[in-house]
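Notes for the structure review
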Amino acid sequence: MSARQNLPPKLAFVAFLWVCAFTLPWTIQAFLCLLLVLGRFTIPALRPGSSRAARAFSRFILYSIAVATLVSLLNAVLIREGAIVGNIFGISLHQEGLLFGARTASRLLLLSFSILLFFVSTPLPDFIQYLQEKGLPPYLALLLLLTLHFLDQLPNRIHQIFLAQQARGAPVDSGMISRTKALFSILSPLVLSSIVESIERGTALELRGFLHRPQASQPVEQGRSHTYWLTVLVLSLAIVILSYSIVKWLIG
Amino acid sequence: MEIPGGTCCAILGPTGAGKTSLLHCLSGIMRRHHPGAVSSGHLQIGERSFDELPAQILFPTVGLTLQDPHVQISSVRDTVFGEVLFTLENTGTVPENPTDVILPLLRNLGIDLLADRKPTSLSGGETQRVALATILIAQPPVLLLDEPATALDMAAQQKLRGILRSMKGKTTIVVTDTQLDFALGVCDQIVVLKEGAILFDGRPAAFLRRMQDFATALPLESWNHLKPELDEMLDDPSTRGSRITRALAIT
């Protein structure tokens, strides 16, 4: 199955996970996060498109888990409700705070993991082409394309500017304070060069008739494919969970 | 300024002379992006006449390649072939079998072996030719090239000159450049700009005779290496083409 054929069920899956992030208990959300991390290795459609993307995703998981743990612990310290579940350096951790922190963290993790995994496993050209086939207006496609291209190029660009500043003798790698100060010398060229390149790239696309392209015709499907039914199934599941949550909330 | 159809015109001038702005005016991008920047002007392309400069992109009638070929690569497609096909999709002119149209063009430009390569992984010269292909595939009657030789080595420049020469007669080409070598090798008309004004507009031979008049506008010192060959050329206009080629080969 090609990457573009995978897109409808993948988008439906992200929508399903977002519904879960706002409706299901935090334990299930944490479990879904774990499944996503495992799915990155086992499900072909969720495998990152390049080794760079795989590294970025792994690093993001590690940082996110560290932040989530910190958020949970801070809440456990600051919200002094419920039983004391533990002590760290003489500071008590409270159950209600810990649960509140875990709920917030698992929701944020599920939202970010799902969207990030979608983008690292989906080639940008396929995604844009798919959206255009579905009738996305050219102006929006251009905006999305420039934004995603900017994000894609960001690490590379930061590295280049970092090296250029280093070559000029800026203290970009000597201690935390120096690095923080040097951040400003990296930020301004980064922002300026990104704006200039985005304008030029947009102009180049305009010069190739991108904004006046005829509406792409959707390929005629011969019967219903597996991906169609998978998309319907995942979306139906999301709708069922959402409806159940709304009804439950209304009943009280 | 008038450029006869099917000929090649070089716009020379120092940085800031208005070469790129002129191309942007001709392609329609100037008034579209900066409506107040141009107060007046008239443009005629073949039968098509504009009382003011056009405020819409004239592609595919006018094709423009930008100074930096890398931004011309859309990144919307994974391969060079796809990148070129993308232009045909934009113009709504994808033939039944795109390979029949795209591969000969890539072959002409000497990049057919790159057809399956990722467009963002190419060298400067290769990217320049891919950028050119993305415009040429739409067969614009007017082709504008903004400093196309800047990023190219001598061999690649020679190749590009050959490509442009082969297009003359069918396509009207306007090239901006700061290098005399490239312009003389391919152009029938030379226009010298300085601060937005036309200092010279005429045939290359006439330009060479008056070259010293433009000492303040052009980097004449860097062109001195061409002088002996050019002087010889001026003595015998009948062999101009071949001698220019020789002069350029020496450089």
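Scoring rules and cut-offs
- Residues numbered from 1 in each chain as written.
- Chains lettered and ligands numbered in written order.
- Predicted model: local features only at pLDDT ≥ 70, side-chain atom pairs only at ≥ 80, totals over all residues.
- Helix = DSSP H or I, 4+ residues; strand = E, 2+ residues; numbered from the N terminus.
- Buried ≥ 20, exposed ≤ 12 C-beta atoms within 10 Å, placed from the backbone.
- Contact = placed C-beta atoms within 7 Å.
- pLDDT = per-residue confidence, 0-100.
- Pairing = 2+ DSSP bridges.
- Axes fitted to C-alpha atoms, helices over the stretch in contact; angles between N-to-C directions.
- Domains from an automatic or database assignment.
- Nonpolar A, V, L, I, M, F, W, Y, C, P; charged D, E, K, R; others polar.

**A closer look at the overall build of chain A**
When you go through chain A residue by residue, the secondary structure sums to eight helices and two strands. Helices and strands in chain A line up, N terminus first, as α-α-α-β-β-α-α-α-α-α. Projecting the C-alpha coordinates of chain A onto the three principal axes gives extents of approximately 65 × 65 × 35 Å. Among the 252 residues that make up chain A, the fraction classed as buried is 23%. Considering only contacts within chain A whose residues lie at least 6 apart along the sequence, 67% involve residues at least 24 apart.

**Quick notes on the overall build of chain B**
Helices and strands together make up the secondary structure of chain B, namely 11 helices and eight strands. Burial status across chain B gives 42% buried among its 251 residues. By sequence separation, contacts in chain B at least 24 residues apart represent 65% of the contacts at least 6 residues apart.

**A short note on helix α1 (residues 19-27) of chain B**
Of all the positions in α1 of chain B, only Lys19, Leu22, Leu23, His24, Leu26 and Ser27 of chain B are classed as buried. Looking at the residues trailing α1 of chain B, positive phi occurs at Gly28 of chain B, about 95°.

**A closer look at the confidence of the model for chain A**
Taken over all residues, the pLDDT of chain A has a mean of 82, while the share at 70 or more is 91%. Mean pLDDT across the elements of chain A ranges from a minimum in helix α5 (residues 124-133) of chain A, with 78, to a maximum in helix α1 (residues 7-23) of chain A, with 91.

**Overview of the confidence of the model for chain B**
All names here are of chain B. On average, residues of chain B score 81 in pLDDT, and 85% of them are at 70 or above. Confidence drops under a pLDDT of 50 for residues 238-251, and excluding neighbours within four residues, the segment shows 20 contacts in the predicted structure. The ipTM assigned to the predicted complex is 0.77, against a pTM of 0.72.

**Notes on the sheet that holds strand β8 (residues 197-202) of chain B**
All names here are of chain B. The strand order β4-β5-β6-β1-β7-β8 describes an open sheet built from six strands, whose pairing is mixed. On the outer flanks of this sheet lie β4 (62-65) and β8, each paired with one strand and no other. Neighbour-to-neighbour, the strand axes of this sheet turn through a mean angle of 15°, independent of strand direction.

**Considerations on the domain arrangement of chain A**
Partitioning chain A into structural domains gives domain 1 (1-122 + 226-252) and domain 2 (135-208). If you average the C-alpha positions of domain 1 of chain A and of domain 2 of chain A, the two centres end up 29 Å apart.

**Focus: unusual backbone geometry**
Residues and elements named next belong to chain B. The residue after Phe59, namely Pro60, is reached through a cis peptide bond having omega 10°. Summarising the element assignment, Pro60 is placed in the loop between β3 (48-50) and β4. Although it is not a glycine, Glu147 adopts a positive phi angle of roughly 45°. With respect to the helices and strands, Glu147 occurs in the loop between β5 (142-146) and α7 (154-167). Using a count of 20 C-beta atoms within 10 Å as the deciding quantity, one classes Glu147 as buried. Phi at Glu195 is positive, roughly 50°, even though this residue is not glycine. For Glu195, the location among the structural elements is in the loop between β7 (189-194) and β8. Taking the number of C-beta atoms within 10 Å as the measure of exposure, Glu195 has 11 and is therefore exposed.

**What to know about the environment of Leu23 of chain B**
Residue and element names in this part refer to chain B. Within the fold, Leu23 resides in helix α1. Along the backbone, Leu23 and Pro204 are 181 residues apart, and their C-alpha atoms lie at a distance of 20 Å. Non-local contacts of Leu23, meaning those with residues more than four positions away in its chain, are made with Leu64, Leu144, Asp146, Val174 and Thr176.

**Describing the interface of chain A and chain B**
Accessible area lost upon the coming together of the parts is a frequently used measure of interface size. Counting residues at the interface gives 20 residues for chain A and 21 residues for chain B. At the level of secondary structure, the elements contributing two or more residues to the side of chain A that touches chain B comprise α5, α6 (138-167) and α7 (176-206) of chain A. The biggest single contributor to the side of chain A that touches chain B is α7 of chain A, with seven residues. Here the side of chain A that touches chain B is built from residues that sort into 10 nonpolar, four polar and six charged.

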